[in-house]
Each structure stands twice: as C-alpha cells, then as structure tokens.
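# Architecture at a glance
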Amino acid sequence: SLSKGMSPMSPIGFVYFGSFISKRGDLSSGYRYVKLALSLLDKVGKESAGEVISIATQVKIFVEPIQAALEYHNDGYTASMVAGDVFNALLNILFKNSCVHVAGVKLQTMREEYEKFFRLAKENNHSIFLVQIKQVQRDVLRLIGSDEEVTIPEEETLVASNNSVLKTFHFRKAYISFVFRSYDDAKEHVSKFYDCLEHAWANLMLSHISHALYIGLISYWVARKSRDTKYWIARGNEFKLTLKRWAESCQWTFENKWYLLEAEESFSHNDYEVAKLFYKQAISSAKLHKFVHEEALAYELAAYFYLELGEMEQSIEY
C-alpha cells in the first residue's frame, strides 16, 4: 500500500499491523494505524468493513473507555451483514458478548444476549463460536446462582485440537475457581493456561484484559500459599506491569486493575501498609470509572487481606 497506493486490501493490512504492534507494546502507534484503516473504509475496502471494525475495536478498547468503545462492534455487525459477510458479523457479536463482563454489564443482560448469539451461530453452523461463548455463559449462570446446566458437546473435541479454545477453557476454569475460592482448581488451571500462551494469537484482544487481571490475581494468591513464591510473584508481576502500561494509554479502564494487582503484590511481600493504600485506591478508581463488579472484587480481596492479618473488624467492614 505504501509503495503502490491504496487498494481494497489496505484497510485489512493496516488494521492487523496496528493490532500486532499494539500487542507488542506500542499502543500509541497501533491506535493510529487502526484509525487509518477505519478512515479508508469509505474510500476503499467497504467489503471488508466488518472485519476491519472487529479488529480495530479490540485495539480502541485499550485507548478509549471500554463501556463506549465496545459499542463499535454493533457497527461492525451491521457492516458485515450489509456485505453478506456472516462470519465477521458473528465475530463482532462474539467479541462483544464474550467480554462485556469486563465493562460491568449486568449478568442477566449478558444471559439474554448469549441466547440471541446461540441462535445465530447455530443457524450458521459455527461450532467454535458456540463453544467459546458457552464457556463464558457457563460462568455467568454460576455467578447468577442458576442451576441450569450448559452442555457443550463439541467442547472436548475442540479443546483437544484448537489452542484458542483450550486457552479459553483453562482461563474460564481458573477464573471461576478463583471467584469461588477453590485454590487447588485455580492453581491447576492457571498453570495449564500458561502452557497455552506460547501459541496465542499475535493481535491484541479484549480478552487479554481479563487474562491480565485474573491470572495476575491468581498468581499472587498461589504465591502466598505455595513454596514457589518467587516464581508465582514473577508471573503476577508480568501482568501487573502489563496493566500499568495499558493504564498509561487508558486510565479509565485500567487504573483500578493495576492498583488491585499492586495491592496483591504488596500483600505477597508482607508490605501491609502499602497494600492497604492500594486496596483503597483500587476501590476508589473502580467506583469513579463505573466498574461496579471490580469495585466489589477489590472490597472482597481487601476483606481477605484484613482477615489474614487478624483484623476482623476491618475485614467485616470491607
């Protein structure tokens, strides 16, 4: 494109390049490339608009407030359907629906949106999409307190053959084990999640936010309870520094998450006064930026922290 001029494939090239360099740490340049790709859609490449919007939105989420940026996927769905591109229409919905919990969308709303997606994915025979969204739905139902079972007949086959599905499987298992404080299961699945990272996708995706936050939290939890303290703290620090870097690009979305990992790291180092400060900052930042679920999470982890210190009154307050 740079040597011979723009073509209908140029927006795709620019958006994937922007996503790639964003994942490698240059969010500022990556964001400029995805905006360039989007600006070209009215001139060339309208047929690829759905794909370009889906990848561009995943990058924009790391720069713009997530609650607003997620809505761009609706535009991607519309553009894809206009072009007859069912695959990318479904991909836009999948990207949005599989990660709306990061934005603090109500669980019941998520449940309803998943049911709509199931029908579309099943009608178009997209089994990988079905499995990945059902893995998230299974956790949503548990968090709601529903006894409804989620059966995923294709899961075993795809887990054995698709690294992306396998990674999602172990992350979801680690996440739900952490939420319900099942230490052994959380440790087992977070270890298996790490094994999948070597073959992860090269572009930046919203799911990396959940991975950074919860795998980081689990790593610090394991560090405090296992003999491999240094190893697990180092693992947690990788994700803490990632969130810190992202917070420099978008304070709104990432500040509270970074503060919470700082609190957990300080707890792991027995630096209790610093931990107390960071728990308070994580709570305040989550409240300010409308992440009510992460505000609750920070309160809960602070309560466990004070419980470990034997400060029962403070623990109950949190």
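Up top is the structure these notes are about.
Before going into details, it helps to say that this report is about the structure given with it.

About the criteria used
Each chain has its residues counted from 1, running along the sequence as written. Only residues with pLDDT of at least 70 get local features here, since the model is predicted, and only at 80 or more are side-chain atom pairs given and counted; chain-wide, interface and lining totals rely on the full set of residues. As a convention, hydrogens and water are excluded, and side-chain values are obtained from all of the structure's heavy atoms. Here, nonpolar core refers to any group of buried Ala, Val, Leu, Ile, Met, Phe, Trp, Tyr and Cys residues whose side-chain atoms link them within 4.5 Å. The buried label applies to any residue whose accessible area, calculated with a 1.4 Å probe on protein chains only, is under 20% of its type's maximum; exposed applies above 50%, and partly exposed to all values in between. Contacts were defined at the residue level, with two residues in contact if any of their heavy atoms lie within 4.5 Å. Salt bridges are identified by distance alone: a Lys or Arg side-chain nitrogen within 4 Å of an Asp or Glu carboxyl oxygen. Strands are runs of DSSP state E lasting at least two residues, helices are runs of H or I lasting at least four, and both sets are numbered from the N terminus onward. Two aromatic rings, drawn from Phe, Tyr or Trp (for Trp, its six-membered ring), form a pair once their centres lie within 6.5 Å of each other, and the interplanar angle then sorts them: stacked below 30 degrees, edge-to-face above 60, tilted otherwise. Charge-over-ring placement is defined geometrically: NZ (Lys) or CZ (Arg) within 6 Å of the ring centre, and within 35 degrees of the ring normal. A patch is a set of surface residues, each over 30% in relative accessible area and not in a salt bridge, joined within 9 Å for like charges and within 5 Å for the nonpolar side chains Val, Leu, Ile, Met, Phe, Trp and Tyr. Residue burial considers only the protein chains on display, and all accessible areas are found by Shrake-Rupley using a 1.4 Å probe.

Ile66, Ile209, Leu217, Trp246, Leu260 and Tyr279 are the most contacted members of the largest nonpolar core, which has 94 residues in total. Every residue in contact with Ile66, bar those within four places of it in the chain, is listed here: Ile61, Val102, Ala103, Leu206, Ile209, Thr253 and Phe291. Counting residues in hydrophobic clusters, the runner-up holds 8 residues, among them Val150, Leu158, Val165 and Phe169.

Once that is clear, we can look at the pattern of salt bridges. As enumerated under the stated definition, the model contains 13 salt bridges in all. Linking Glu71 and Lys96 is a salt bridge whose minimum nitrogen-to-oxygen distance equals 3.4 Å. In this pair, Glu71 sits in the loop between α4 (66-69) and α5 (72-82) while Lys96 sits in helix α6 (residues 86-97), placing the two residues 25 residues apart along the sequence. Salt bridges sharing partners connect three or more residues here, namely Lys240, Glu262 and Glu265.

Along the chain, Leu260 turns up in helix α14 (residues 251-268). Taking the C-alpha atoms as reference, Leu260 lies 8.3 Å from Leu217; in sequence the two are 43 residues apart.

Attention shifts here to the packing of aromatic side chains. Scanning the model with the defined rule gives 25 aromatic pairs in all. Cluster of aromatic residues (ring-pair linked, three or more members): Phe171, Tyr175, Phe178, Tyr183, Phe193, Tyr194, Tyr214, Trp221, Tyr231, Trp232 and Phe239. The ring of Trp221 carries Arg181 above its face, with NZ or CZ at 4.2 Å from the centroid. For Lys257, the ring lying beneath its charged end belongs to Phe291, and the centroid distance is 4.0 Å.

Okay, unusual backbone geometry next. Positive phi values are uncommon outside glycine, yet Asn270 reaches one of about 60°. Structurally, Asn270 is set in the loop between α14 and α15 (272-288). For Lys290, which is not glycine, the phi torsion reads 70° and is therefore positive. In this structure, Lys290 sits in the loop between α15 and α16 (292-309). Owing to a relative accessible area of 58%, Lys290 belongs among the exposed residues under this scheme.

Right, let's talk about a nonpolar patch on the surface for a bit. Together, Tyr304, Leu307, Met312 and Ile316 make up a nonpolar patch on the protein surface, roughly 400 Å² of accessible area in all. Tracing the backbone through its elements, the reader meets Tyr304 in helix α16.

Checked against the element boundaries, Ser177 lands in helix α10 (residues 163-179). Residue classification places Ser177 among the buried residues on the basis of a relative accessible area of 8%. Separated by 81 residues in the primary sequence, Ser177 and Lys96 have C-alpha atoms spaced 24 Å apart. Among all residues touching Ser177, those that are not within four sequence positions of it are Ser182, Asp185 and Ala186.

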